[in-house]
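A closer look at the structure
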Amino acid sequence: MSSPTSVDARVGTTTAVAPKELHTYHLNPRRGDVSAIAASLRTHGQYKPITVNIGTFTGRRNEVLAGNHTLMAFRDLAESDPDGFDRIKVHWVDVDDDTAARIVAVDNRTSELGTVDTDTLLELLEGLGDDLAGTGYDQDYLTMLNELAAGAPSLDDLADAHGDPEPDDHHDSVRLSLDPEIARRWTL
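Computed from a prediction, not measured in an experiment: that's the story for all the values here.

Taken as a class, soluble globular proteins show a tendency for nonpolar side chains to be buried jointly. Judged by nonpolar contacts, the single largest core of 18 residues is most densely connected at V17, L22, I50, V52, I88, V90 and W92. Among the elements of the structure, α1 (34-44), β2 (50-53), α2 (68-80) and β4 (88-93) are those that each provide at least two residues to this core. When residues of this core are assigned to their parent elements, the largest contribution, 4 residues, is made by α2. Not counting residues up to four positions away in its chain, the partners in contact with V17 are V7, L22, D86, R87, I88, V90 and W92.

Our focus in this paragraph is the side chain of N53. Topologically, N53 is positioned in strand β2. On the accessibility criterion, N53 (0% relative accessible area) is buried. Not counting residues up to four positions away in its chain, the partners in contact with N53 are T58, R60, R61, N62, E63, L65, V93, D94, V95 and A100.

Quick look at unusual backbone geometry now. One non-glycine residue, N62, lies in the positive phi region at around 55°. With respect to the helices and strands, the residue N62 is situated in the loop between β2 and β3 (63-66). According to the relative accessible area criterion, N62 is buried, its value standing at 4%.

Now for the sheet that holds β4. A sheet is described by the order of its strands in space; here 4 strands give the open sequence β1-β4-β2-β3, paired in mixed fashion. This sheet does not close on itself; its edge strands, each paired only once, are β1 (14-17) and β3. Looking at each pair of strands side by side, their axes are set apart by 45° on average, direction ignored. When β2 meets β3, the two strands line up antiparallel, connected through 3 bridges. Pairing of N53 across the sheet is with E63, part of β3.

Now for the pattern of salt bridges. Taken as a whole and judged by the stated rule, the model has 6 salt bridges. D98 is paired through a salt bridge with R102; the nearest N and O atoms lie 2.8 Å apart. With D98 and R102 both in helix α3 (residues 97-113) and 4 residues apart, this pair spans about one turn of that helix. On the basis of relative accessibility, which here comes to 43%, the residue D98 falls in the partly exposed class. Overall, R102 belongs to the exposed group, its relative accessible area being 56%. R109 is paired through a salt bridge with E112; the nearest N and O atoms lie 3.1 Å apart. With R109 and E112 both in helix α3 and 3 residues apart, this pair spans about one turn of that helix.

Turning our eyes to something else, we now look at the environment of I54. Residue placement: I54 occurs in the loop between β2 and β3. In this structure the C-alpha to C-alpha distance between I54 and D94, which are 40 residues apart in sequence, comes to 5.0 Å. Those residues in contact with I54, other than ones at most four positions away along the chain, are A9, R10, V11, R60, R61, N62, W92, V93 and D94.

Conventions we followed
- Residues numbered from 1 in each chain as written.
- Predicted model: local features only at pLDDT ≥ 70, side-chain atom pairs only at ≥ 80, totals over all residues.
- Heavy atoms only, no water.
- Core = buried A, V, L, I, M, F, W, Y, C linked by side-chain atoms within 4.5 Å.
- Buried < 20%, exposed > 50% of the residue type's maximum accessible area, 1.4 Å probe, protein only.
- Helix = DSSP H or I, 4+ residues; strand = E, 2+ residues; numbered from the N terminus.
- Contact = heavy atoms within 4.5 Å.
- Pairing = 2+ DSSP bridges.
- Axes fitted to C-alpha atoms, helices over the stretch in contact; angles between N-to-C directions.
- Salt bridge = Lys/Arg side-chain N within 4 Å of Asp/Glu carboxyl O.

Keep in mind these numbers describe shape, not what the thing actually does.
Right, dumping it as structure tokens:
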């Protein structure tokens, strides 16, 4: 159990605290992209608070339920810019172990359940011009979106371009990790 701190933590309030006063959730299944979050924080600052459990019912004081990777990015950024990242905005809750686990689970799962309208994303990103800093996207992704908008090749087109397999061809398996929207378009 962490020792109590001088943090002004009251349910339903949002305050700014030193990142060192907080602890990541002990069972967080998400493995976030801390460097992408740090790039966003450098560019835009913190535009939404993280959610932290006071810990009265869990015995784990100041434990992050939503925003663990934002906290990690803050800590990384504080090493090079201690004044700019010395306080992190926190929204306080005080819940038991079961509710804490449910909040962590739903925060992770709902982001996975969402989809992206790639045409709208393309329009949004193109509206930013050549500077995609702090967006989590790069020019390669933008190029891929443009190619997708032009029409992904069908499986028949791929077969025409690469031919039918011959009996002596090696039949290696290829696995792809695709954006959900791209996968959906391929399976239509």
